[in-house]
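Below, each chain spelled out in residue letters.
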Amino acid sequence: MKFMYSRIVLLLLIGSVLLSACGGGGANQPAVVRIGWAGSPDTLNPGNAILSTSYTIYELVYDSMYELQLDGSYALSLADTASVSEDGTVWTFKIRDGLKWHDGQPLTAEDIAWTYNLYKDTPEYPYLNGYYTTYFDTITSTEANEVVLTLTEAIPNIESQLVFLYILPKHIWEGVDKLEYENLDMIGSGPFKLAEYAQNEFVRLTANKEHFLTPPKVDEVIYQTFENQDALVQAIRSGQVDMITEMPGTAMESLKNEENVKLVTGAPYSPGVTDIIFNQIAPENCPTAEGGLCTGHPALQDRTVRLAMAHATDKQQLIDVILLGLGTPGLTLIPDGLGSWFNNTLKDYEFNPDEANRLLDEAGYLDADGDGTRDMPDGSRPLTFRLNWPSDSIDAPRMAELLGEMWLKIGISLEPGAVDPDALTAQCCPAFDFDIMLWGWASDPDPSALLYVYTSDAIPYGSSETGYSNPAYDEMYANQQVELNAEARRKIVWDMQKLVHDDVVYIIPYYAGAAQAYRTDRFSGWITDQVKLELGDVSSLVVIEPVK
Amino acid sequence: MHPPASRRVHVYLRSESPELMRTRAILQKAAWAVFTVVFVILLNFFLFRVLPGDPARAGMRDPRLRKEAVEALQARFGLDQPVINCFESLNPVKLGRCDVNPFETQFFRYMQNLLRGELGISYHTNRPVIDILGERLWNTVLLIGAGQVLSIVLGMLLGVLAAWRARSALDFTAVGASLVAWSLPTFWLGILLLFWGSSLGLPVAGKATPGMSSMPLLAQWTDIGRHMLLPTLTYTIIYMGEYTLIMRSSLLEVLSEDYILTARAKGLNAVQILRDHAMKNAMLPLVTVIAINLGFTVAGVIQIESVFSWPGLGNAIYEAVVRRDYPVLQGAFLLIAVTVILANFLADLTYSLLDPRVTVE
């Protein structure tokens, strides 16, 4: 009997393969865009979300006051007009008439004000409360379909504060537990509606052809999860998906020559930054009350040593080897993908090991015992630094190896080691129990968040990873926070980048690029000519059309 | 790959009635199983708390994450409470006051949840752990079920053939292939099959084609079957080798026994000898290994599941480790521990069924 069952199973398996070969396409089938990505939303409740994959879905299903464009600018979305009071603290948004939720209910200023209050009053929402509603005082709606937002102080970047605050339907959300609610129906107002969701499998969206601004031309979009990037590449080759949002660098060359597949590269939608972190905290700044240990090598507090290491770092080689060329040399924590906020006039330190050696010789870091590693000027200890990176990083081991070779040429040796990401966080900040770390940051469209990382305030807070403290910088940070004139603010932000670059707070090896690919025989019209590249952005998904 | 299968076999020679002894032994075994589960429950709690790192921060490296938000999250998950009396936290070890109300410690809340039959809420997805594990468990059972059935059937068959034709070309091929299959790295074989399968147009990820839920049931099942092909094949190849080798060696041993010689002398044919005399005894070691495997494979399919993006339990565990999602980890480990213990318990019972001389100690 047992053998019978196994035969039946086998027959079923074989049969299913044969059957599946018979599937064909009809003439009037809906246009379904299949997107392969390596992630999956962590939650459909926007307040609880942490992963950027969740935000990708929110961008399609929800609307917000402003839309972030691929050139880094903002466009009003739900409102016809926005105006601000003389002192810059009261914003009035005139909401468009006739807006509708996916369930047919009207979307009004009342929903928007209610949503902003929800985010403001829920401290457990990690980003939407913690970061974006910091300056919210009161939010009300008026009979004239207006939202009146009063701020605690005037800020220069209201657009970036509102762009991720997705508007939720009050008639659904007021009756649910705002933390536990899984939002599986996900009623929104955006250009796509949630049709089906299986966590870690796929998100299926159908077009909202009645959207007020950008009704999609296709009928459906499916985001399918591939936990394995090689599978992702195979899937676009075999036509199982129409577009992939990422790929391993090694796959780029082969996809370039693939028939019916177009490979595109550019700055990523959420530009990230990879950093080489020097623990340079001065003993008097050590946050002992917050658990500061401050065990960093004293040589790293010396700008000359850091400068010499910068001169000895061949960034182009790092880009060529680690990113296979897909990236640009980095300068500060503000990546080039942030558009006009990026100071493109800074001149990087030239790759010149001789100059690096000269600097170290001059400063008295000599190899006293002749073991190939330089020593402190007083001979107390060698220039041997601990180098740590999060063990889940794919690129860091290669970078550590390359840096080890580069810096050995100037008499600096390393003790490399991968550390569990959480253990590394514990070592990092505010403990300052390390010498050098390789890590990175995600970025907000506004530069303020990353500029904060350099401030003295951030040291006890756990956000500062270098312990860098410069009163001049702190003052500039405070100034750009309240400078309402965009051009004047940009100038301060540029000066800040110059200051931290001059002080060699970090070495930023590169800003990694994004590589995506789409099938040319399925849909046309993908947007690829903007500052940032994101084929899965709303701007592409609402304009693409099936290839005839 | 697995701990060696060893089990003390006790030939009973005492004068007590066999039924009584048997019942007592089973009860004893059951008591041990329960004790082990309780131990696992306790260990489960402390194991994850001696790991470094803060779940409220895990996976979040973003300048937008403010300290206040981390504190609010810690409070939400009860992580701001002492782990247990006298201990504020276990890593780093921070001693705390011993006179705190034990009902307010993390340990008590954990036990309270368990007694209520709740596994808590996932820190990462904010969903009840029981829902997550429930969904994932069935996917894994489906995959393991198909893989185990195939590998047991094929492995046994090949093992019997190899033993019956010992030292023939067939035997050498079977043993060689089995050794190779057994020692192949799972993920590597998976990737190879993935490349091969995708060139044939087989789906390489997931359990089903998105959007199939509106199709007729037969089409849905066919679709799932197609998605199962590659992961099941990987699983079968990996486990089949082990079963073949064990079946072969244990059958060879039995075949050298005197009573087999007697059977041959009586003029029985090959099928009769194998079916009526040899197989039952030769099955004993295989049953042990299968039982142990059943327990371990729940976790052991992690690699197959991540190569083929199979939404199973292994995948959930991997993600929970990355995210420091204690409730999911605790739930999953408990589930696996119970499966392993149950599988062992069942193996003990099966043992005495297969061979009445054997009783369980």
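Residues numbered from 1 in each chain as written. Chains lettered and ligands numbered in written order. Predicted model: local features only at pLDDT ≥ 70, side-chain atom pairs only at ≥ 80, totals over all residues. Heavy atoms only, no water.

Explain the overall build of chain B to me, and be specific about the residues and the numbers.
Regarding its fold elements, chain B presents 12 helices and 4 strands. Taking as baseline every contact in chain B between residues at least 6 positions apart, the subset at least 24 positions apart corresponds to 72%. Within the structure as shown, chain B displays about 17,600 Å² of accessible surface, and the carbon and sulfur contribution to it stands at 67%. (Helix = DSSP H or I, 4+ residues; strand = E, 2+ residues; numbered from the N terminus. Contact = heavy atoms within 4.5 Å. Areas by Shrake-Rupley, 256 points an atom, 1.4 Å probe, with all protein chains shown as cover.)

Outline the state of the cysteines, listing residues and values.
All names here are of chain A. One pass over the structure, following the stated rule, counts 3 disulfides over all chains. C286 shares a disulfide with C294; S-S distance 2.0 Å. Handedness of the C286-C294 disulfide follows from its S-S torsion of about 100°: it is right-handed. A residue is classified by how much of its surface remains accessible, and C286, at 15% relative accessible area, is buried. You can call C294 partly exposed: its relative accessible area is 21%. Linked covalently through their sulfurs, C428 and C429 form a disulfide whose S-S length is 1.9 Å. Here the S-S torsion is close to 55°, and the disulfide linking C428 with C429 is therefore right-handed. According to the relative accessible area criterion, C428 is buried, its value standing at 1%. Accessibility expressed as a relative area gives 14% for C429, which makes it buried. (Disulfide = S-S within 2.5 Å. Buried < 20%, exposed > 50% of the residue type's maximum accessible area, 1.4 Å probe, protein only.)

I'd like a description of the interface of chain A and chain B, backed by residues and values.
You'll often see interface size given as the accessible area lost when the parts meet. Taken together, the contact pairs 61 residues of chain A with 57 residues of chain B. Taking both partners together, chain A and chain B bury about 5,300 Å²; carbon and sulfur atoms supply 58% of that area. Considering only the surface of chain A that becomes buried against chain B, A:Y127, A:D422 and A:Y461 emerge as the three largest contributors, covering 12% of it. Counting across the chain A and chain B interface gives 1 salt bridge. (Buried area = accessible area lost by both parts, 1.4 Å probe. Salt bridge = Lys/Arg side-chain N within 4 Å of Asp/Glu carboxyl O.)

Which residues make up the pattern of salt bridges, and what values go with them?
For the structure shown, the criterion picks out 24 salt bridges over all chains. Linking A:D121 and A:K120 is a salt bridge whose minimum nitrogen-to-oxygen distance equals 3.5 Å. Notably, a salt bridge pairs A:K498 with A:D502, separated by 2.9 Å at the nearest N-O pair. Note that A:K498 and A:D502 are positioned in helix α16 (residues 486–502) at a spacing of 4 residues, about one turn of the helix. Via salt bridges that share partners, A:E182, B:R127 and B:E135 belong to a single interconnected network.

Interpretation note: all reported values are geometric properties and have no functional meaning in isolation.
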